[in-house]
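Structural features, examined
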Amino acid sequence: QVQLVESGGGLVQAGGSLRLSCAASGRTFSSWLRAWFRQALGKEREFVAAIAWSDSRTDYADSVKGRFAISRDFAGNTVFLQMNSLKPEDSAVYYCAAGPAYSDYATSRGYNYWGQGTHVTVSS
């Protein structure tokens, strides 16, 4: 069993920054990807960023490129999402995910495990 726990969400003003973290416990695999998704009120869950655990290759949604950065820490089995230049439209519940992903890395079906979510609210 894999457990994912997010932290770091909160309320920030537009233009500010937050760093989210997602710590994993249980059996994970180096071939898996780790990812962040988000879901705003009344909207569908959308892909934000993904990272390959083994070699740190990354990909981002167009809406966050240049502003967000995903990274990993092997020792703590943790992934991070550094969010800069935040906009009100970034407000959402952010979820971390882990799983085989492969070609489905930008869709929910690529991941077997999910965290409980952490709220991010950006005020204008």
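For the structure itself, consult the block above.
Note that the structure is a prediction, hence the values are computed from the model and not measured.

Time to look at the overall build of the protein. Helix and strand counts for the protein come out as zero helices and eleven strands. Traced from its N-terminal end to its C-terminal end, the protein shows the element sequence β-β-β-β-β-β-β-β-β-β-β. Taking 2.2 N^0.38 as the reference for a compact globule, 124 residues should give roughly 14 Å; the C-alpha atoms of the protein span a radius of gyration of 13 Å, in line with that estimate. Overall size of the protein, expressed as C-alpha extent along the three principal axes, is 40 × 25 × 25 Å.

Here we come to the pairing of strand β1 (residues 2-7). Along β1, the buried face is formed by V2, L4 and E6; none of Q3, V5 and S7, which line the opposite face, is buried. Relative to strand β3 (residues 18-26), β1 runs antiparallel, the two sharing six bridges. Bridged to S7 within β3 is S21.

This paragraph deals with the side chain of N77. Mapped onto the secondary structure, N77 falls in the loop between β7 (68-73) and β8 (78-83). At 3.0 Å, the side chain of N77 and the side chain of R34 are in polar contact. If near-sequence neighbours (up to four positions away) are discounted, N77 is found in contact with C22, A23, A24, T28, R34 and W53.

This brings us to the nonpolar core. The nonpolar side chains of soluble globular proteins are, as a tendency, buried together. Counting residues in hydrophobic clusters, the biggest one holds 37 residues, and the most contacted among them are W36, V48, F68, L81, M83, Y94 and Y111. Elements that contribute at least two residues to this core include exactly β1, β3, β4 (33-39), β5 (46-52), β7, β8, β9 (92-99) and β11 (118-123). Broken down by element, this core gets its largest block of residues, six residues, from β5.

Once that is clear, we can look at the sheet that holds β3. If you walk across this open sheet you meet the four strands as β1-β3-β8-β7, and the pairing is antiparallel. Where the open sheet ends on each side, the last strands, each with one partner, are β1 and β7. Here the average twist between neighbouring strands, direction ignored, is 15°.

To continue, consider the pattern of salt bridges. This structure, assessed with the given rule, holds six salt bridges. With its nearest N and O atoms 2.8 Å apart, the salt bridge here joins D90 to R67. Residue D90 is found in the loop between β8 and β9, and its partner R67 is found in the loop between β6 (58-60) and β7; the two are separated by 23 residues along the sequence. On the accessibility criterion, R67 (11% relative accessible area) is buried. Residue R109 pairs with D104 through a salt bridge whose shortest N-O separation is 3.4 Å. For D104, a relative accessible area of 23% corresponds to the partly exposed category. Residues joined by salt bridges that share partners form a network here, namely R38, E46, R67 and D90.

Definitions and limits used
Residues numbered from 1 in each chain as written. Predicted model: local features only at pLDDT ≥ 70, side-chain atom pairs only at ≥ 80, totals over all residues. Heavy atoms only, no water. Helix = DSSP H or I, 4+ residues; strand = E, 2+ residues; numbered from the N terminus. Rg over C-alpha atoms; globule rule 2.2 N^0.38 Å. Buried < 20%, exposed > 50% of the residue type's maximum accessible area, 1.4 Å probe, protein only. Pairing = 2+ DSSP bridges. Polar contact = N/O pair within 3.5 Å; in protein donor to acceptor, adjacent residues only side chain to side chain. Contact = heavy atoms within 4.5 Å. Core = buried A, V, L, I, M, F, W, Y, C linked by side-chain atoms within 4.5 Å. Axes fitted to C-alpha atoms, helices over the stretch in contact; angles between N-to-C directions. Salt bridge = Lys/Arg side-chain N within 4 Å of Asp/Glu carboxyl O.

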